[in-house]
Amino acid sequence: MAAGGRIQQTSAPALAQGLILPPAAGSAAKLPLASRVRRYWASGTANAKGRGLSSAAHRSQSSSHPLLLPGPGVEMAAPLPARSRFVVVGGGIAGVTCAERLATEFPSEDILLVTASPVIKAVTNFKQVSKTLEEFDVEEQPSTMLEKRYPNIKVIESGVKQLKSQEHKIFTEDGKQCIYEKLCLCAGAKPKLIFEGNPYVLGIRDTDSAQAFQNHLAKAKRIAVVGNGGIALELVYEIEGCEVIWAIKDKAIGNTFFDAGAAEFLIPKLTAEKLETAIACKRTKYTTEGSEKEEGSVAAADKLGTALGPDWHEGLHLKGTKEFSHKVHIETLCEIKKIYLQQEFKQLQKTSLSFPKDNSDNQNAHPDEELWPVYMELTNGKIYGCDFIVSATGVVPNVKPFLDGNNFALGEDGGLKVDKHMHSSVADIYAAGDICTASWEPSQMWQQMRLWTQARQMGWYAAKCIVADFLGESIDMDFSFELFAHVTKFFNYKVVLLGKYNAQGLDLDHELMLRCTKGQEYVKVVMQNGRMMGAVLIGETDLEETFENLILNQMDLSAYGEDLLNPNVDIEDYFD
């Protein structure tokens, strides 16, 4: 990691002297290494001195260049675009990890990082727990801290307006232009709002929208949450002092991560008082000065900052106007059919339901006499009123700014297709994180999910591929793509997901083995032909490294039978 230091300020006239044009495609590999890593564009006297030129010689050299000598009566041209061999778009985990890796590999090169947000997501306290499992904290930091840690990273704080890949040029929303030789797109994803433009539908994606949610919640008596992914799971558990109607399209909660058995293990936490101390979290939050502004109803969906990190709710006061802890009602196998504002609801003379006393299929639900700002009609025919609706129905890759005029191949999920070297279908453009779709033939035990661990892995590996391509070297697939492995936290339980943890893509001949201790742990392993294919571990089981090895080694475990999960057998020593 580069030592911290003062950031060199580059003036507009100095940028205008950036006269070194990108080399022809493929020429970099033919140059000596010293030439390949020289500074890519001149940036004033300081850089001239670095190349052994005196200030006078530099001024003479620059002023004598014919491009900077306009004729009489001719106006001076606008400053030339910023130029860099390596440009990264996106200030989230994938983008920052990629930029840091490139800055370390090429300390004499300026790495341009273009981000729409004044804050970036930095990985801290990284720990490689095992071959594929990793733990790290995510800190939201001002971009200046990144520039201090890596003096050769230059942050441009603006969103991307347009990409012209044939010209190797990007245009930012604030009018800047950047010319690149290698570009890595790490612009993340944006939330899928169930209804765009509705003032009572709130999507939670970045720090500003999370702050807006907290402010709305403080005045709320009842809200609705629509969705069944990670954000919805965390949200429903963390909210206190407010009735929550949770509408999911699946049979059980957490369908993305769990089966029905694990869901049943977790549900008691939704009705219990939150007495326990939360699992320690070192992740810190940073809010730019003045960000606590008066919102409209929602953070604009097209004004994206960096995505929320793990434990995004830490530091937020997620409490409504009531004094109780949890009060959650779950509506399964349904979606929102229509949303009514209060005036329309009264005109149509619709009838809404009061908050049910329990989750027994609304037997105790009665017509609601209270008027609410907004009403949602579900596909099961039920109508509930609430103060606002949280849309937590997943994300879509943020590809829109890059598509016009560029021949990108897209995956079925809308992401930029990338090959096993993170290269897109467009020359010299790579992609990593939520914006991309892995289109290579994956390992039997790996699948892509838009999670923080994969964002870091993809950003790091993309930089590694860019370096290898630039230097004309070959590279093998990173080991992190051999086995899906993710560590997170739900309902204050540690959760570890390994391999085909929900039997994704397996034939019907697989079987499940379970071990459950109510309120303490839930262990599920997926077996096929006597071999472990995946596992879900909830609680402090200490089995993750052992199960990781068993999945990777594909040892025939038929002889061990149910002893695999026998709590009286120390399985860690058994397979040591």
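Keep in mind that this is a model prediction, so the values were computed, not measured. (Residues numbered from 1 in each chain as written. Predicted model: local features only at pLDDT ≥ 70, side-chain atom pairs only at ≥ 80, totals over all residues. Heavy atoms only, no water.)

**Student:** Lay out the pattern of salt bridges with the relevant residues and their values.
**Tutor:** Taken as a whole, this structure holds 20 salt bridges when the rule is applied. Among the ionic pairs, Arg 85 bridges to Glu 109, the shortest N-O distance being 3.2 Å. With a gap of 24 residues between them, Arg 85 in strand β1 (residues 82-89) and Glu 109 in the loop between α5 (93-105) and β2 (111-115) connect regions that are remote in the sequence. In this pair, the class of Arg 85 matches that of Glu 109, namely buried. Among the salt bridges present, the one from Lys 176 reaches Asp 174, with a minimum N-O distance of 3.0 Å. By relative accessible area, Asp 174 is classed as partly exposed at 40%. Put simply, Arg 222, Glu 243, Lys 327 and Asp 368 are held in one network by salt bridges that share partners. (Salt bridge = Lys/Arg side-chain N within 4 Å of Asp/Glu carboxyl O. Helix = DSSP H or I, 4+ residues; strand = E, 2+ residues; numbered from the N terminus. Buried < 20%, exposed > 50% of the residue type's maximum accessible area, 1.4 Å probe, protein only.)

**Student:** Explain the side chain of Thr 172 residue by residue, including any values.
**Tutor:** Residue position: Thr 172 is located in strand β7 (residues 169-172). With relative accessibility at 3%, the residue Thr 172 sits in the buried group. A polar side-chain atom of Thr 172 sits 2.5 Å from a polar atom in the side chain of Asp 174. For Thr 172, the residues in contact, after removing those within four places along its chain, are Val 114, Ile 156, Ser 158, Gly 159, Val 160 and Lys 161. (Polar contact = N/O pair within 3.5 Å; in protein donor to acceptor, adjacent residues only side chain to side chain. Contact = heavy atoms within 4.5 Å.)

**Student:** Go over the nonpolar core with me, naming the residues and quoting the values.
**Tutor:** Soluble globular proteins tend to bury their nonpolar side chains together. Grouped together as the largest cluster of nonpolar side chains are 110 residues, with contacts concentrated most on Leu 185, Phe 213, Ile 223, Trp 246, Phe 258, Met 422 and Ile 538. Take this core: its biggest share by element is twelve residues, from helix α13 (residues 452-471). The residues contacting Met 422, other than those within four sequence positions of it, are Tyr 430, Ala 431, Ala 432, Cys 436, Trp 440, Met 458, Tyr 461, Ala 462 and Cys 465. Within the second largest apolar cluster, 25 residues are counted, among which are Met 445, Ala 503, Val 523 and Met 532. (Core = buried A, V, L, I, M, F, W, Y, C linked by side-chain atoms within 4.5 Å.)

**Student:** Any details on the pairing of strand β3 (residues 119-128)? Residues and values, ideally.
**Tutor:** Pairing between β3 and strand β4 (residues 134-142): eight bridges, direction antiparallel. Residue pairing in the sheet places Val 123 in a bridge with Val 138 of β4. Between β3 and β4, which pair antiparallel in sequence order, lie five residues. (Pairing = 2+ DSSP bridges.)

**Student:** An account of helix α8 (residues 230-238) is needed here, citing residue identities and associated values.
**Tutor:** Extensive coverage of α8 is indicated by the burial of seven of its nine residues. Within α8, the full set of buried residues consists of Ala 232, Leu 233, Glu 234, Leu 235, Val 236, Tyr 237 and Glu 238.

**Student:** I'd like to hear about the packing of aromatic side chains, residue by residue, with values.
**Tutor:** Under the counting rule described, the total for this entry stands at 18 aromatic pairs. Ring centres of Tyr 237 and Phe 491 lie 5.1 Å apart, and the angle between their planes is 15°; on these two criteria the pair is classed as stacked. In this pair, Tyr 237 is assigned in helix α8 and Phe 491 in the loop between β22 (485-490) and β23 (493-499), connecting sequence segments 254 residues apart. With respect to class, Tyr 237 is no different from Phe 491; both count as buried. A ring pair is formed by Trp 440 and Trp 446, whose centres lie 5.6 Å apart and whose planes are at 20°; its orientation type is stacked. Here Trp 440 and Trp 446 have matching classes, each one buried. Here a set of aromatic residues connected by ring pairs shows up, and it is made of Trp 440, Trp 446, Tyr 461 and Phe 481. (Phe/Tyr/Trp six-rings, centres within 6.5 Å; stacked < 30°, edge-to-face > 60°.)

**Student:** Give a description of the side chain of His 486 that names residues and reports values.
**Tutor:** Tracing the backbone shows His 486 in strand β22. Within the structure, His 486 has its side chain in polar contact with the side chain of Thr 453 (distance 2.9 Å). If sequence neighbours within four positions are ignored, His 486 has contacts with Leu 133, Leu 451, Thr 453, Val 495, Val 496 and Leu 497.

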